[in-house]
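Overview (structure and organization)
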Amino acid sequence: MAFSQRENVLRAVRFERPDHIPMTFHMNAACWHHYPQAAIVELMASHPLLFPGYEPPELPYTPALEPWQRAGAPYTDPWGCVWETADDGLHGAAVGHPLADWAALDGYTPPDPAIYAGWGTVDWDKAAANLARAKAEGRLAGGSLRHGHTFLALTDIRGYSDVIYDMADDDSRLHTLLGMLEAFNAEIVRRYLALGVEWMGYAEDLGMQHGPMLSPAQFRRHIKPVYRRLMAPAQEAGCIIHMHSDGDIRALVDDLVDSGVQVMNLQDLVNGLEWIQATLKGRVCIDLDIDRQQVVRFGAPRQIDALIRQEVEMLGSREGGLMMIHGWYPGVPLENVRALMDAMERYATYYA
């Protein structure tokens, strides 16, 4: 394959005939204590397209975890939200909201983006070195806001139901909090752009199993203007704008594309392949989030192979415009994990 990872991804995004469909396979850290570790290593070592240059760790292996990924002890993030998880490696949920009572807004201050990136601390000198190394090694130099940077951050700080009521009431205090979040995120974007990133990620789950977590009218009134302002500097700098959202976001996709999204990472079966094909194919680059709920979890290996082939045939093109990603979490049979890895490598070159 002639192109570097960076060049291949850029060609896929720009519809410029990539070597192959970019495929990403992410394994959640919890998998290390839910499966035989030797089996994990064998799977990764035997799939070089998904794990190029893989160097297996010494076993037994204990992955390094962030504080918010550790079970047994609540973690308070820089915004004052309290997080708990029941399983090492999984992110968990916000169980404490610092502005559950608006009375606490007086004196509430956002974290310093020179020190914090959203979840924990950030070393901007180290980030600069990592980006320089990525460019030197032919990889894409990317930055991102924290997952859940705006709408979800509101719900973490205030509580989901209260945020929805605040939006319905057009509460001025919600606008004050939203302004804090936007200013913080804008500075994170500015710092990444100053380091020369080529790709900016704006990950935020907006969907439920059926429909979005807020109405399209609420999104357009409160969230979309913030998105546009956060994405505009990256657009002006020539960065690729990547947006991730879990859930059913069909009612919001047009607004997301209008905000500046060039690469749309969305779930396949939740949104429907036919709908994705009719609405997004050729319009933006589709970064397809491969099923974690139905076929991959409960199907047979042949059904997994058939799903990946169908997705490539429906959404792919020799010109590009398709990337695919899967997140492996505990509960999937190992034979299904292997079948998925095999299929992702097999059909990556379907249009080559």
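Coordinates for the structure precede this section.
Described in the following lines is the structure provided in the data block. Keep in mind that what you see is a predicted model, and the values were worked out from it rather than measured.

Scoring rules and cut-offs
Residues numbered from 1 in each chain as written. Predicted model: local features only at pLDDT ≥ 70, side-chain atom pairs only at ≥ 80, totals over all residues. Heavy atoms only, no water. Phe/Tyr/Trp six-rings, centres within 6.5 Å; stacked < 30°, edge-to-face > 60°. Helix = DSSP H or I, 4+ residues; strand = E, 2+ residues; numbered from the N terminus. Buried < 20%, exposed > 50% of the residue type's maximum accessible area, 1.4 Å probe, protein only. 1 Å grid on protein atoms, 1.4 Å probe; cavity = no way out; pocket = protein on both sides within 12 Å on 5 of 7 lines; lining within 4 Å. Points joined across faces, edges and corners; volume = space filled by probe spheres on them. Nonpolar A, V, L, I, M, F, W, Y, C, P; charged D, E, K, R; others polar.

Another point: the packing of aromatic side chains. Evaluated as defined, the whole model comprises 13 aromatic pairs. Residues Trp 83 and Trp 119 carry aromatic rings whose centres are separated by 4.9 Å and whose planes lie at 75° to one another, so their mutual orientation is edge-to-face. Separated by 36 residues along the polypeptide, Trp 83 in strand E3 (residues 82-84) and Trp 119 in the loop between strand E4 (93-96) and helix H3 (124-136) bring together distant segments of the chain. Note on Phe 219 and Tyr 227: the rings are 5.5 Å apart at their centroids and 85° apart in plane angle, and the pair reads as edge-to-face. Summarising the burial analysis for this pair, Phe 219 and Tyr 227 share the class buried. Among the aromatic side chains, those forming a connected cluster through ring pairs are Phe 25, Tyr 35, Phe 51, Tyr 54 and Trp 328.

Once that is clear, we can look at empty space enclosed by the protein. Counted under the stated rule, the structure contains 2 cavities of 30 Å³ or more. Volume-wise, the largest cavity comes out at about 80 Å³. Residue lining of the largest cavity: 13 residues in total, with Pro 18, His 20, Ile 21, Ser 317 and Tyr 351 positioned closest to the centre. There is about 40 Å³ of room inside the second largest cavity. Around the second largest cavity, the lining residues are Gln 267, Asp 268, Leu 269, Val 270, Asp 291, Arg 292 and Gln 293. With 3 residues, the top contributor of residues to the lining of the second largest cavity is helix H9 (residues 268-271). The class makeup of the residues in the lining of the second largest cavity is 2 nonpolar, 2 polar and 3 charged.

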